[in-house]
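If you want the building blocks of each chain, they are given just below.
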Amino acid sequence: MAETTLMQPKAAPGTIPGLRGIAADWASDQRAFKNVSWGKAMMWIFLLSDTFIFSCFLLSYMTARMSTTVPWPNPSEVFALNIGSKHIPLILIAIMTFVLISSSGTMAMAVNFGYRHDRVRTAALMLATAAFGATFVGMQAFEWTKLIMEGVRPWGNPWGAPQFGACFFMITGFHGTHVTIGVIFLIAIARKVLRGDFDRERRGFFTSRKGYYEIVEITGLYWHFVDLVWVFIFAFFYLW
Amino acid sequence: MVDIPLDQVAGIPPAEVGEVELYHPRSWWTRYVFSQDAKVIAVQYSITAMSIGMVALVLSWLMRLQLGFPGTFSFIDSNQYLQFITMHGMIMVIYLLTALFLGGFGNYLIPLMVGARDMVFPYVNMLSYWVYLLAVLVLAATFFVPGGPTGAGWTLYPPQAILSGTPGQDWGIVFMLASLILFIIGFTMGGLNYVVTVLQARTRGMTLMRMPLTVWGIFTATVMALLAFPALFVASVMLLLDRLLGTSFFMPTLVEMGQLSKYGGGSPILFQHLFWFFGHPEVYIVALPAFGIISDLISTHARKNIFGYRMMVWAIVAIGALSFVVWAHHMYVSGMHPYFGFFFATTTLIIAIPTAIKVYNWVLTLWRGDIHLTVPMLFALGFIVTFVNGGLTGLFLGNVVVDVPLSDTMFVVAHFHMVMGIAPIMAVFGGIYHWYPKVTGRMLNDLLGKFHFWVTFIGAYAVFFPMHYLGLLGMPRRYHDIGETSFVPASAHDLNAFMSVAALIVGFAQLVFLFNLVWSLFKGKEAGGNPWGATSLEWQTPETPPGHGNWGKELPVVYRWAYDYSVPGAARDFVPQNEPPSGVVAQGAHP
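Everything quoted here is computed from the prediction, not taken from an experiment.

### So, the overall build of chain B
Next up, step 1: Scanning chain B for helices and strands turns up 16 helices and 2 strands.
Next up, step 2: Over its C-alpha trace chain B gives a radius of gyration of 24 Å, about what one expects of a compact globule, namely 25 Å for 591 residues.
Next up, step 3: Relative to its 591 residues, chain B shows a buried fraction of 55%.
Next up, step 4: Taking contacts inside chain B between residues at least 6 apart in sequence as the whole, the part at least 24 apart equals 80%.

### As for the overall build of chain A
Next up, step 1: Per the secondary structure count, chain A includes 9 helices and 2 strands.
Next up, step 2: Going residue by residue from the N terminus, the α and β elements of chain A occur as α-α-α-α-β-β-α-α-α-α-α.
Next up, step 3: Judged by the C-alpha coordinates and their principal axes, chain A covers about 65 × 40 × 30 Å.
Next up, step 4: Out of the 240 residues belonging to chain A, those deemed buried represent 36%.
Next up, step 5: When contacts within chain A are restricted to residue pairs at least 6 apart in sequence, those whose partners lie at least 24 apart make up 70%.

### Let's talk about the packing of helix H6 (residues 172-200) of chain B against helix H7 (residues 213-244) of chain B
Residue and element names in this part refer to chain B.
Next up, step 1: With their axes 8 Å apart at the nearest point, H6 and H7 run at an angle of 155° to one another. Here H6 lies roughly antiparallel to H7, going by the angle between them. In the packing of H6 onto H7, the handedness of the crossing is left-handed.
Next up, step 2: A breakdown of the residues in the contact of H6 with H7 according to their chemical character gives 23 nonpolar, 4 polar and 1 charged.

### Notes on the UniProt feature "domain: Heme-copper oxidase subunit III family profile" (unreviewed entry) in chain A
Next up, step 1: Sites flagged by UniProt as "domain: Heme-copper oxidase subunit III family profile" (unreviewed entry) map to residues 43-240 of chain A.
Next up, step 2: Regarding residues 43-240 of chain A, the helix share stands at 75% and the strand share at 3%, and the terminal C-alpha atoms are separated by 31 Å.

### Examining the UniProt feature "transmembrane region" (unreviewed entry) in chain A
All names here are of chain A.
Next up, step 1: Those residues carrying the UniProt feature "transmembrane region" (unreviewed entry) are residues 41-62, 88-111, 123-142, 162-190 and 211-239 in this numbering.
Next up, step 2: Counted over residues 123-142, helix gives 100% and strand 0%. Its end C-alpha atoms are 28 Å apart.
Next up, step 3: Here residues 162-190 is 97% helix and 0% strand, with 42 Å between the C-alpha atoms at its ends.

### Here's the deal with the UniProt feature "domain: Cytochrome oxidase subunit I profile" (unreviewed entry) in chain B
Next up, step 1: Residues annotated in UniProt with the feature "domain: Cytochrome oxidase subunit I profile" (unreviewed entry) correspond here to residues 23-559 of chain B.
Next up, step 2: For residues 23-559 of chain B, helix accounts for 66% and strand for 1%, while the C-alpha atoms at its two ends are 29 Å apart.

### With respect to the interface of chain A and chain B
Next up, step 1: On the chain B side, the residues contacting the 41 residues of chain A number 43 residues.
Next up, step 2: Elements supplying a minimum of two residues to the side of chain A that touches chain B: helix H1 (4-7), helix H2 (18-27), helix H3 (38-67) and helix H7 (163-195) of chain A.
Next up, step 3: Per-element accounting of the side of chain A that touches chain B gives the leading share, 14 residues, to H3(A).
Next up, step 4: The residue makeup of the side of chain A that touches chain B, split by class, is 27 nonpolar, 11 polar and 3 charged.

### A closer look at helix H14 (residues 410-440) of chain B
All names here are of chain B.
Next up, step 1: Taking the largest bend as the criterion, H14 deviates by roughly 40°, centred on His417.
Next up, step 2: For H14, a buried count of 28 out of 31 residues is recorded, marking the element as mostly surrounded by other parts of the structure.
Next up, step 3: Just past H14, the residue Gly441 takes up positive phi, approximately 85°.

### Quick word on the nonpolar core
Residue and element names in this part refer to chain B.
Next up, step 1: Val195, Val215, Val234, Ile294 and Ala423 are the most contacted members of the largest nonpolar core, which has 241 residues in total.
Next up, step 2: Considering every element that reaches this core, the biggest residue donor is helix H4 (residues 78-114), with 24 residues.
Next up, step 3: With near-sequence residues (within four places) excluded, Ile294 lies in contact with Trp362, Ala380, Phe383, Ala427 and Gly430.

### Things to note about the environment of B:His280
All names here are of chain B.
Next up, step 1: Along the chain, the position of His280 falls in helix H8 (residues 268-301).
Next up, step 2: Judged by the 23 C-beta atoms lying within 10 Å of it, His280 is buried.
Next up, step 3: The spacing of His280 and Thr253 is 27 residues in sequence and 29 Å in space, taken between C-alpha atoms.
Next up, step 4: Excluding anything up to four places from it in sequence, His280 contacts Ser323, Val326, Trp327 and His330.

### Considerations on the domain arrangement of chain A
Next up, step 1: Here chain A is partitioned into domain 1 (1-36) and domain 2 (37-239).
Next up, step 2: Distance between the C-alpha centres of domain 1 of chain A and domain 2 of chain A: 32 Å.

### Remarks on the packing of helix H6 (residues 119-149) of chain A against H7(A)
All names here are of chain A.
Next up, step 1: Contact geometry for H6 and H7: axes closest at 9 Å, N-to-C directions at 160°. Put simply, H6 runs roughly antiparallel to H7. As H6 packs across H7, the resulting crossing turns out to be left-handed. Facing H6, whose interface residues are Arg119, Thr122, Ala123, Met126, Leu127, Thr129, Ala130, Gly133, Ala134, Phe136, Val137 and Gln140, H7 presents Thr172, Gly176, Val179, Thr180, Gly182, Val183, Leu186, Ile187, Ile189, Ala190, Val193 and Leu194.
Next up, step 2: Residue composition of the contact of H6 with H7, by class: 15 nonpolar, 8 polar and 1 charged.

### Topic: unusual backbone geometry
Residue and element names in this part refer to chain B.
Next up, step 1: That bond from Pro158 to Pro159 is cis: its omega, 0°, falls within 30 degrees of zero.
Next up, step 2: Here the amide bond leading from Thr544 into Pro545 is cis, since omega sits at -10°, within 30 degrees of zero.
Next up, step 3: Considering the arrangement of structural elements, one finds Pro545 in the segment after helix H16 (490-523).
Next up, step 4: We note that Asn550 has phi near 65°; this positive angle belongs to a residue other than glycine.

### Digging into the environment of B:Leu100
Residues and elements named next belong to chain B.
Next up, step 1: Here Leu100 is to be found in helix H4.
Next up, step 2: Residues Leu100 and Met475, spaced 375 residues apart in sequence, show a C-alpha to C-alpha distance of 33 Å.
Next up, step 3: Excluding its chain neighbours within four sequence positions, the residues that come into contact with Leu100 are Ser46, Ala49, Phe105 and Val428.

The rules behind these values
- Residues numbered from 1 in each chain as written.
- Chains lettered and ligands numbered in written order.
- Predicted model: local features only at pLDDT ≥ 70, side-chain atom pairs only at ≥ 80, totals over all residues.
- Helix = DSSP H or I, 4+ residues; strand = E, 2+ residues; numbered from the N terminus.
- Rg over C-alpha atoms; globule rule 2.2 N^0.38 Å.
- Buried ≥ 20, exposed ≤ 12 C-beta atoms within 10 Å, placed from the backbone.
- Contact = placed C-beta atoms within 7 Å.
- Axes fitted to C-alpha atoms, helices over the stretch in contact; angles between N-to-C directions.
- Parallel < 35°, antiparallel > 145°, perpendicular 65-115°, else oblique.
- Left-handed = near helix turned anticlockwise from the far one by under 90°.
- Nonpolar A, V, L, I, M, F, W, Y, C, P; charged D, E, K, R; others polar.
- UniProt positions renumbered as here; feature names shortened; annotations may be inferred.
- Bend = angle between axes of the 7 residues up to and from the residue.
- Core = buried A, V, L, I, M, F, W, Y, C linked by C-beta atoms within 7 Å.
- Domains from an automatic or database assignment.

What follows is the structure, encoded as structure tokens:
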């Protein structure tokens, strides 16, 4: 029936700007966020909940690092690479961060082309984003391997506080899992875009609901969130 | 107060959201087992929660037998006693109350009360139940693994939770933590549904300030759960890593069985902070839905509008917000910085203000009301009494200087059983007696219900009221056998025996309730659509029990709040929320 109103909402008539508008929206019937579809609202609230998970992880890590009586390994040394006889601190992390931030750029472009219903470009950009993400996870695997070869374990390491390895593997592992899930979703949605599911309103396999191009943006919200979390992990783990 | 200005001035606004096509079940399996209908999922949640709750009930009998008659029951040794305590607490708080209030009542009532056809994501909702069931099965499996379930206490404090002296150190603790992680994943899927449904899928005319307080309670509790469970999730993951991988997040350097353990440098206090950042909001996650349900029961069965509706809403929101800044009052004796205690005692006492507002408003709703002592009303009254009782002892325990000597005594056990054991379960029972006619189309048996109430209410007092006294004597909690101590007089042992007998009687009264549930399903009196004469939308469905999609062709349109009882001049003593204003004769038309 009139499902398009659900997914591509128009501004409600008589929208009031500013704080009074927010109050009016929350005092109104039917919807508190007037131009927000169900799926997007759900993703935002999920991300809020996920923020609390990452915050708890990072706060626990900070507590461990600040309360340990053994010296904390120096991240500039630990995360340095020898490239062609040159010793460059944090080089791998810098590249990883660059790759992930770039993937946010391609994701934003994919969202743009998605709303123009440009199937090929949307799918191509989403696949590029997924490729960046996969590259990131690959480099993370390389970094893990290097550290494990050097003797870092969840229960100890050669340089200092045993919580270093514990926090490192737990937090980057949890973030890497998020990226991996994101890559899988990106590929799945890109396939749907390319196949034209959203033009033909083909029903989902599990949910048997029709899909819309807005799903590209919702996937993008998740992806940008994962990027943002990385910025905090980067700052608190590698730069501290 | 008849609340119609919006409609009379501007008319009901047009629908902003088009009709969403529902998933229509094609077979028995998708209709009753892998169902995407929130009402079926609610019943599944409720049955699963009550089944695992029965296990916890039996565990409490075993504990009471041991406490009342120490040395008599040779099959309960000290390790098993600790395991019973742990499983009883964990099941009751998380797998019974949280799941029943949010997954059970939430799923059934939210779409019906806000006038939606279903939850916004029925498929995710279905997944939520099945992950919850998996969590329950993993939890139940700990009874059968080598070494049995964990005996770490429901708070699972490290270091003892994963050290070799604690029962269930091999598998019990691992399964327990895995089960918690699964529960949180499952709950998140359901919780997102409840929140988005309330925020974005209400029917025309249903503003937030017209929602029944039940929806407000469940909604706020769900938001809190989405923000509080992450802390438990993180704590569980880290404890699991400590146990399985040998990390030392929570494990300090210590000597275990005469040998230096492999752990070192972790902080047990960190676990307590994470746990109680979840644990204290959890208290209100089970209390706020109870508050909401009780408000609706009292208003309906006293035929009177709720007193101070807006204050009730804001009190719920304020309690929800404040409950995130009081967690360390569980930790006064943990060794954290004493100044923290001062801060957390202050915030704890501040939370008494919105709570007191709610209690006063319930009492003022009853004041000069046309009180019908139906079974739901009896349970609602029982809730107020037990909640006030438990709340007042909470004021004792919230103060550092009073808490320190009372810590880890039976006084604490009595306090939290009164305030978050008996009181919420009273709301659960009241809610079930109230909404069972809508779920099944039949009334629960009244006589059995009254028997159930009086035995439960008086029995709960017989169990927990003397327990305060035992706590003041200094009797510690979590002791398998108190033995001969100079400060516990012989009479205290007699009191313990009395409490145990009372606990068994209360327990068996619950079997009467379960019998009533099953018997009334087949033999109960036909209920009709609206047996209590209630105003909220769930009683106005075209069919009882409500069909797939809840409302016939047209969604209901809401013209007023949910508490128009005994409106002067109205034809009946209640005006349903979806009755247009012309049904109400202007006030003052009849003297």
